[in-house]
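# Coordinate analysis (summary)
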Protein chains: 2
Amino acid sequence: MGINNQNITIKKSTTTKINEVDFSNLSFGENFTDHMFECDYIDGEWTNAQIRPYGPISLDPSAKVFHYGQAIFEGMKAYKSVDGAVWLFRPEDNLIRLNKSAVRLAIPEFPKDLFFDGMELLLNIDKEWIQTTEGSSMYIRPFIIATEPGVSASPAKRYKFMFILSPAQSYYSGEVKVLFADKYSRSASGGVGFAKCAGNYAGQFYPTKLANDAGYQQVVWTDSSTHENLEEAGTMNVFFRVGDTLITAPTSDRILDGITRKSVIAIAEKAGYKVEIRDVSVYEIEEAAKNGTLLEMFGAGTAAVINPIVSFNFKGNDYDLPKLENSYASIIKKKITDIQTGKAEDPFGWKYAVRSI
Amino acid sequence: MGINNQNITIKKSTTTKINEVDFSNLSFGENFTDHMFECDYIDGEWTNAQIRPYGPISLDPSAKVFHYGQAIFEGMKAYKSVDGAVWLFRPEDNLIRLNKSAVRLAIPEFPKDLFFDGMELLLNIDKEWIQTTEGSSMYIRPFIIATEPGVSASPAKRYKFMFILSPAQSYYSGEVKVLFADKYSRSASGGVGFAKCAGNYAGQFYPTKLANDAGYQQVVWTDSSTHENLEEAGTMNVFFRVGDTLITAPTSDRILDGITRKSVIAIAEKAGYKVEIRDVSVYEIEEAAKNGTLLEMFGAGTAAVINPIVSFNFKGNDYDLPKLENSYASIIKKKITDIQTGKAEDPFGWKYAVRSI
Ligand SMILES: Cc1ncc(COP(=O)(O)O)c(C=O)c1O
Ligand SMILES: Cc1ncc(COP(=O)(O)O)c(C=O)c1O
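Every value quoted in this text rests on a predicted model; they were computed, and no experiment measured them. Each chain has its residues counted from 1, following the order in which its sequence is written. A letter from A marks each chain and a number from 1 marks each ligand, given out in the order of writing. Local features in this predicted model are restricted to residues whose pLDDT is 70 or higher, and side-chain atom pairs enter the listing and the counts only when it is 80 or higher, whereas totals over whole chains, interfaces and linings include all residues. The side-chain numbers reported here are obtained from all heavy atoms of the structure, hydrogens and water having been left aside.

### A short note on the domain arrangement of chain A
Residue and element names in this part refer to chain A. Partitioning chain A into structural domains gives domain 1 (9–170) and domain 2 (176–340). Residue ranges for the domains originate in an automatic or database domain assignment. In this structure, domain 1 and domain 2 have C-alpha centres spaced 27 Å apart. Of the residues lining the interface, 20 residues belong to domain 1; the matching set on domain 2 comes to 20 residues. Summed over both partners, the interface of domain 1 with domain 2 buries about 1,700 Å², with 61% contributed by carbon and sulfur atoms. Within this document, salt bridges are pairs made up of a side-chain nitrogen of Lys or Arg and a carboxyl oxygen of Asp or Glu, the two lying within 4 Å of each other. Here domain 1 and domain 2 share one salt bridge between them. Here aspartate 93 and lysine 262 are joined by a salt bridge, their closest N and O atoms 3.4 Å apart. Any pair of residues with heavy atoms lying within 4.5 Å of one another is described as a contacting pair. In short, buried area is how much 1.4 Å probe accessible area vanishes from two parts on joining, totalled over both.

Structural data, given as structure tokens:
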């Protein structure tokens, strides 16, 4: 098996909350399973790996995560077939990205064996919680926080790694209208935009609230120097279809290297679509909207997979996108989710079978 | 009195840790007093204000502070005279800045009465901890964290505000050599650099560690677009003395509006020094270092008050600063600390007397 040669202590819950959950009506990220995985970094090593009943954690009020924001996370999904097999979608890419975030935030990297063993053991223990109905998945949230007490601004010496699990349904976010940022920014060149660190999200909430109040669900961030290049949305990378070409910004130190983005690119290229990975100017997109060649815009991320965008606002002007039959967004979404949910072959080798115990 | 008309519940500790602390040998931010102040934001209001024994807080592992970084703080100091009077230095400015940070991070603002009543009650209860020996002060750390459970990226509905207290000595950080940033950045235009939010600090740890490894104690951040303008250090604003002129960058949405910085400017102007608040180009400072007109550089912040800088590195070249008798840094530091510690008159009205109970 290989699992649990890492000395993971297991304390099982004597009760379950599973009957309190309405799986046909889940809000994203609000329900958690019966158990969680925890592991502490002390004296230079990851230790005390354990699975125990889901519940509160206790920290000193001076713990560095509260003051200096050393906190990183990942988001990934597990799927289960009716015959009980459980698998993940490109999980190693999440671990690699977690550890890139770790380096940039001066957090110790997390070991691969312990990541997989811990996650797979936990998924086995809370397997009943993974539903097999259409569109169901188990959202997995690995994260690391600085737990060392002390209010001096320097990297912590103690950390906690955790996995928590939240059952999810397919995610329909309604008609998404976006605002192109022309004042606020998400990240700087030389900053932490490419890292999945906690601070990147809090910084977006206020400008996003302003956008919400003006009738837009999301902000598409532009580069902070000129606000002329379209980069990504709050929790999604962004694609533009101009004519028959699919365009997306290259990753950089300002942009999260999304796993869904990479998968969209691979699927689009395999399907024979023309894909361009290059700077996307707001003016080019505005012009394409005006002359009718801008056919689609969509976001790509783990939570919603593909999120079509119906209109955008740039400097006070609204531009609607056409409603297409057989959009690239819908075709690509079906191809990805069919692979993720096991309905189609996986020619890319993206699925990872969770070992059962 | 006015204090405790806010219904602050008080639970006193039955023991004290004060005898375990070596006040002549304190590490900054590592010791905390016997009590703490806590207040929760629930259903749209700040409630449950209480002072209780200092100790751990318990949070759901999905609490938003751990994942999305909604966390802000302040740093301020209290001083006590031998006759028992306790006062603060410009505390209202800290509250104003806390609430500016709050708005930018989509956190509810904290009410002024509760801020002062809570802080003053706590200082009264832990008054024994405020030392009167030369250079002693009580560092006060107000902070707010998002406590609501749930891993969806949106502002929390629940928060916790706290005051914790840490006795401090005057802070000598040794000879400070700095590196001018030419690759990494602290903040973006349109970002959160002006806010005292947790994420701003974690993002600096890795580049600062690289600088430390190369022999520099601190990084002086430059603007992220061009790296040509000198902005501020990790926890200090920065001043340059060229000839007889003191120069510092204007505050902006990338720079923390430091209370020490403001105080330095006021004192320097009152002393008749020429002060210029304008963009400071790295090339100008390099040129001034080369032609001998760069006489001083120093950082200004609550922890160290004034921190003289002895050399800087710009793109691989090191430049030493002269050692001056009667430097502006030493004169200004004395003037500020004499006001803070009550040795000199306070012509500016900066001192705020803590009400005693
Ligand atoms: C800022 C940001 N961009 C893009 C994405 C999409 O990345 P992924 O496809 O790996 O989920 C995410 C995460 O979901 C994100 O937080
Ligand atoms: C980034 C940053 N700049 C400057 C300062 C100085 O501000 P103040 O003088 O108000 O302490 C601080 C805080 O100490 C800081 O964190």
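### Regarding the interface of chain A and chain B
The interface is formed by 58 residues belonging to chain A together with 58 residues belonging to chain B. Regarding the contact of chain A and chain B, the summed buried area is about 4,500 Å², with carbon and sulfur atoms giving 66% of it. Where chain A touches chain B, the interface holds zero salt bridges. Whenever two N or O atoms come within 3.5 Å, that pair is a polar contact, provided that in protein one can donate a hydrogen and the other can accept it, and provided that, for residues adjacent in sequence, both atoms are side-chain atoms. The tally of links from chain A across to chain B stands at 19 residue pairs in polar contact (both at pLDDT 80 or more). Working definition: helices are DSSP H or I runs of at least four residues, strands are E runs of at least two. Numbering for both runs from the N terminus. For the side of chain A that touches chain B, the secondary-structure elements that each account for two or more residues are β4 (57–59), α1 (64–68), β5 (71–73), α2 (91–104), β8 (137–146), β9 (159–168) and α4 (199–213) of chain A.

### Quick look at the pattern of salt bridges
For the structure shown, the criterion picks out 36 salt bridges over all chains. Among the salt bridges present, the one from Asp93(A) reaches Arg90(A), with a minimum N-O distance of 3.3 Å. With respect to burial, Asp93(A) and Arg90(A) carry one shared label: buried. Asp338(B) is the partner of Lys334(B) in a salt bridge, and the nearest nitrogen-oxygen pair spans 2.6 Å. Taken together, the residues Lys334(B) and Asp338(B), both in helix α7 (residues 328–340) and four residues apart, mark about one turn of the helix. Taking relative accessible area as the criterion, Asp338(B) reaches 12% and is therefore assigned buried. Residue burial is assigned from relative accessible area. The probe radius is 1.4 Å, only protein chains are included, and a residue is buried under 20% of its type maximum, exposed over 50%, and partly exposed in between.

### Let's talk about the site of ligand 2
Residue and element names in this part refer to chain B. Nearness is judged by heavy atoms alone; a residue qualifies as near a molecule or strand once a single heavy atom is within 4 Å of it. In the vicinity of ligand 2, 16 residues are found, and the nearest of them are Lys196, Tyr201, Glu232, Thr260 and Thr302. The separation between a nitrogen atom of ligand 2 and a polar side-chain atom of glutamate 232 is 2.4 Å. Using the Shrake-Rupley algorithm and a 1.4 Å probe, accessible areas are obtained, with residue cover drawn only from the displayed protein chains. Contact with the protein chains hides 96% of the accessible area of ligand 2, taken as 380 Å² for the molecule alone. When residues of the shell around ligand 2 are traced back to their parent elements, those giving at least two are α5 (259–270) and β16 (294–301).

### Some points on the relation of the copies chain A and chain B
For the match of chain A to chain B, the screw axis carries a shift of 0.0 Å, the RMSD comes to 0.0 Å, and the turn is 180 degrees. Overall, the copies show the geometry of a two-fold rotation axis. The fraction of interface residues of chain A whose copies in chain B are also interface residues reaches 100%, indicating that both copies meet through the same surface. The superposition of copies rests on a least-squares fit of C-alpha positions from residues with pLDDT of 70 or more in both.

### Some words on unusual backbone geometry
All names here are of chain A. The phi angle at aspartate 43 is positive, at roughly 50 degrees, despite the residue not being glycine. Positionally, aspartate 43 belongs in the loop between β2 (35–42) and β3 (45–53). Residue class for aspartate 43 comes out exposed when judged on its relative accessible area of 74%.

### Looking at the site of ligand 1
Residue and element names in this part refer to chain A. Around ligand 1, a shell composed of 16 residues is seen, among which Lys196, Tyr201, Glu232, Thr260 and Thr302 lie nearest. Side-chain polar atom of arginine 97 to an oxygen atom of ligand 1: 2.8 Å apart, as the coordinates give it. Interatomic distance of 2.6 Å between a side-chain N/O atom of threonine 302 and an oxygen atom of ligand 1. When isolated, ligand 1 has an accessible area of 380 Å², and the protein chains bury 96% of it.

### Overview of the UniProt feature "modified residue: N6-(pyridoxal phosphate)lysine" (unreviewed entry) in chain A
All names here are of chain A. Per the UniProt record, "modified residue: N6-(pyridoxal phosphate)lysine" (unreviewed entry) is found at Lys196. Along the chain, lysine 196 turns up in the loop between β10 (176–180) and α4. For lysine 196, a relative accessible area of 12% translates into the label buried. Setting aside its immediate chain neighbours within four residues, lysine 196 contacts Ala71, Ile72, Phe73, Glu74, Gly75, Arg97, Ser101, Tyr201 and Leu256. UniProt positions are given in the numbering used here, feature names are shortened, and annotations may be inferred rather than shown by experiment.

### What about the state of the cysteines?
Count a disulfide wherever a pair of cysteine sulfur atoms falls within 2.5 Å. Counted under the stated rule, the structure contains zero disulfides over all chains. Cysteine Cys197(A) is unpaired, with the sulfur of Cys197(B) as its nearest cysteine sulfur at 11 Å.

### Some words on the packing of α2(A) against helix α3 (residues 112–125) of chain A
Residue and element names in this part refer to chain A. Axis definition: a line fitted to C-alpha atoms, over the contacting stretch in the case of helices. Angles run 0 to 180 degrees between N-to-C directions. Contact geometry of α2 with α3 gives a least axis separation of 11 Å together with a crossing angle of 130 degrees. The orientation of α2 relative to α3 falls into the category oblique. Where α2 crosses over α3, the two elements pack in a sense that is right-handed. For the pair α2 and α3, the contacting residues are Pro91, Glu92, Leu95 and Leu98 in the first and Lys112, Phe115, Phe116 and Met119 in the second. In these notes the angle categories are as follows: under 35 degrees is roughly parallel, over 145 is roughly antiparallel, 65 to 115 is roughly perpendicular, and the rest is oblique. Definitions for this section: a left-handed crossing has its near helix turned counterclockwise from the far helix by less than a right angle. A right-handed crossing has that turn clockwise.

### Quick word on the side chain of Ser263(A)
Residues and elements named next belong to chain A. Among the secondary structure elements, serine 263 is positioned in helix α5 (residues 259–270). Looking at serine 263, the relative accessible area reads 0%, which means it is buried. At 2.7 Å, the side chain of serine 263 and the backbone oxygen of isoleucine 259 are in polar contact. When neighbours within four sequence positions are excluded, serine 263 is seen to be in contact with Phe89, Arg90, Ile336 and Trp350.

### Description of the packing of aromatic side chains
Describing an aromatic ring pair means giving the distance of the ring centres and the angle of the ring planes. All names here are of chain A. Pairs were defined over the aromatic rings of Phe, Tyr and Trp, the Trp ring being its six-membered one, requiring ring centres within 6.5 Å. Orientation was assigned from the angle between planes: stacked under 30 degrees, edge-to-face over 60, tilted for the rest. Tallied over the entire structure, the rule returns 59 aromatic pairs over all chains. Ring geometry for tryptophan 46 and phenylalanine 110: centres 4.9 Å apart, planes at 75 degrees, overall edge-to-face. Here phenylalanine 110 lies in the loop between α2 and α3 and tryptophan 46 lies in strand β3, a separation of 64 residues in the sequence. Of the two residues examined, tryptophan 46 and phenylalanine 110, each falls in the buried class.

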